Amino acid sequence: MEIKNNAYQIQGVDLNKVVKEFGSPVYVYDANKIIDQLNTLKNAFSKQKIKIKYAAKALTNISILKLMKKHGAGVDVVSAQEAKLALKAGFEPGDILFTPNCVSFEEIQQGVEMGLTINIDNISILEQFGHKYHNSVPCCIRLNPHIMAGGNSKISTGHVDSKFGISIYQLPHLLRVIKTNQINVIGLHMHTGSDILDAEVFLKVADILYGVARDFPNLEFIDFGSGFKVGYKENDITTNVHDLGIKLGKSFDKFCESYGRKLEMWFEPGKYLVSESGYFLVKSNVIKTTPATVFVGVDSGMNHLLRPMMYDAYHEIVNISNPKGTQRVYTIVGYICETDTFGWDRKLNEVREGDILAIKNAGAYGFSMASNYNSRYRPAEVLIYEGKAHLIRERETMDDILRNQVEIDI
Ligand SMILES: *Cc1c(COP(=O)(O)O)cnc(C)c1O
């Protein structure tokens, strides 16, 4: 988003006009930003055989999936439904990694039937997998390295209390199960959580994976998961992907040499690819002055963007319809009958009732975590692609609220 001639725009498309055309609230995504992020990551590892498996759960719209495919990404899915969406978007089954957690063996079988690469994260499922398929279907193993990474324990997945992955301390048991059932393990995977600050955590995780890899002679890839951090505030530390490319690339090449074969290096970024591409545009309904603050009540809330309330996430907010207005301090809140605060003590250009606010970093885990709480419609989604605004999801209607509800005679 940039300001030109006093108007906030993306690829020359005026965002206030997007709201006029498609209504508010609305999620708007900049396709160019997504493509840039993909290319930055690819270029950082240009010397390695790198594969990017976009973590679809961050932003699951089918048009976004198609954009990812067009620009060379594969996809990481966490449910059979996400896999079906990815297939519908045109991904080949072989480009889809299925990384579910605590699902039934039936869902794993569905993944096998769809031809996906299965990433197994517990020994019980691995045993059932082995009984049924032996070495006829290859798989990947999700390990838990027990490294505390990420911003807080809700988004960190590699620590000791985490439900994710097979503990590296269970390696002897794991190897017995694999050998007894002749399971063909072609990949090792670790995903230690979101918001990892620097290359050092990746390097630590990598060293653990390299050590374990010696016990798996048939590997084709090592999947380092994700955790790439993007900036939410000005001056936030972000993952330096270029620096990571040099350091991790070097350690990976060295490992491949000792392993005896050049393996593929996989990553599963979600947030890194789509967070900054997204802007959530909401309208100011009321300005309410209390003894404590000046509230701006907007036409949205935790039902549409849950991250500030669930993770204490900081999302920058900009008044895009009064760019020259005097800056004042506001608290931006939602219209849901809960305490749903988007941000305390924010300096915004004077907000009037009817103004449009842009909430930044809304591309990842924004729409995909939206609900119908308070029987509100989920918002529309718009993709700015090749200089034009395209509606990629219609706003819901009363029919959507009533769909699947069964009214009985009472
Ligand atoms: C959620 C998830 C990701 C993506 O994490 P980001 O922080 O959005 O990059 C990657 N891999 C797996 C297995 C996940 O569950």
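Computed from a predicted structure; not experimentally measured.

A.B. asks: An account of the overall build of the protein chain is requested, with residue identities and associated values reported.
C.D. replies: Of the regular secondary structure elements, the protein chain holds 12 helices and 21 strands. For a compact globule of 410 residues, the expected C-alpha radius of gyration is about 22 Å, and the protein chain comes in at 23 Å, within 12% of that figure. Projecting the C-alpha coordinates of the protein chain onto the three principal axes gives extents of approximately 70 × 60 × 40 Å. In the protein chain, which comprises 410 residues, the share counted as buried stands at 57%.

A.B. asks: Account for a nonpolar patch on the surface, naming residues and giving values.
C.D. replies: A cluster of nonpolar side chains, namely Y377, M398 and L402, defines an oily patch on the protein surface of about 280 Å² accessible area. Counting through the fold element by element, L402 comes out in helix α12 (residues 398-402). Judged by relative accessible area, which is 47%, L402 ranks as partly exposed.

A.B. asks: Report on the domain arrangement of the protein chain, specifying residues and quantitative values.
C.D. replies: Considered domain by domain, the protein chain is made up of domain 1 (2-29 + 275-402) and domain 2 (60-269). The straight-line distance from the C-alpha centre of domain 1 to that of domain 2 is 33 Å. Across the boundary between the two partners, domain 1 contributes 16 residues, which contact 14 residues of domain 2. A combined buried area of about 1300 Å² lies between domain 1 and domain 2, and 54% of that area is made up of carbon and sulfur atoms. Its largest share of buried area at the contact with domain 2, domain 1 owes to Y311, Y314 and I392, together 33% of the area lost on that side. Counting every contact that joins domain 1 to domain 2 gives zero salt bridges. In this assembly, domain 1 and domain 2 are joined by five residue pairs in polar contact (both at pLDDT 80 or more). Of all the elements in the fold, those that place two or more residues in the side of domain 1 that touches domain 2 are α11 (307-311), β20 (380-385) and β21 (388-393). Residue classes in the side of domain 1 that touches domain 2 are distributed as seven nonpolar, four polar and five charged.

A.B. asks: Hey, could you go over the packing of aromatic side chains for me, with residue numbers and the actual values?
C.D. replies: Geometrically, a pair of aromatic rings is defined through the distance of the ring centres and the angle of the planes. By the definition in use, this model includes 17 aromatic pairs. Between the aromatic rings of Y27 and Y29, the centroid separation amounts to 6.2 Å while the plane-to-plane angle is 15 degrees, which identifies the pairing as stacked. We note that Y27, like Y29, is buried. An aromatic cluster is defined as three or more aromatic residues linked by ring pairs; in this entry it consists of F45, F202, Y210, F224, F228, F252, F255, Y259, F267 and Y272. The lysine or arginine in question, K233, covers the ring of Y314, its NZ or CZ lying 4.7 Å from the ring centre.

A.B. asks: Pulling in residues and values, what's your account of the sheet that holds strand β3 (residues 13-14)?
C.D. replies: On the basis of which strands lie adjacent, the open sheet formed by three strands has the order β1-β2-β3 and antiparallel pairing. Only two strands of the sheet have a single neighbouring strand rather than two, namely β1 (2-4) and β3. Judged from the two bridges that link them, strand β2 (residues 7-10) and β3 form a sheet pairing that is antiparallel. Among the inter-strand pairings, Q9 is bridged to a residue of β3, identified as D14.

Cut-offs and rules
- Residues numbered from 1 in each chain as written.
- Predicted model: local features only at pLDDT ≥ 70, side-chain atom pairs only at ≥ 80, totals over all residues.
- Heavy atoms only, no water.
- Helix = DSSP H or I, 4+ residues; strand = E, 2+ residues; numbered from the N terminus.
- Rg over C-alpha atoms; globule rule 2.2 N^0.38 Å.
- Buried < 20%, exposed > 50% of the residue type's maximum accessible area, 1.4 Å probe, protein only.
- Patch = residues over 30% accessible without salt bridge, like charges linked within 9 Å, V, L, I, M, F, W, Y side chains within 5 Å.
- Areas by Shrake-Rupley, 256 points an atom, 1.4 Å probe, with all protein chains shown as cover.
- Salt bridge = Lys/Arg side-chain N within 4 Å of Asp/Glu carboxyl O.
- Domains from an automatic or database assignment.
- Contact = heavy atoms within 4.5 Å.
- Buried area = accessible area lost by both parts, 1.4 Å probe.
- Polar contact = N/O pair within 3.5 Å; in protein donor to acceptor, adjacent residues only side chain to side chain.
- Nonpolar A, V, L, I, M, F, W, Y, C, P; charged D, E, K, R; others polar.
- Phe/Tyr/Trp six-rings, centres within 6.5 Å; stacked < 30°, edge-to-face > 60°.
- Lys NZ or Arg CZ within 6 Å of the ring centre and 35° of its normal.
- Pairing = 2+ DSSP bridges.

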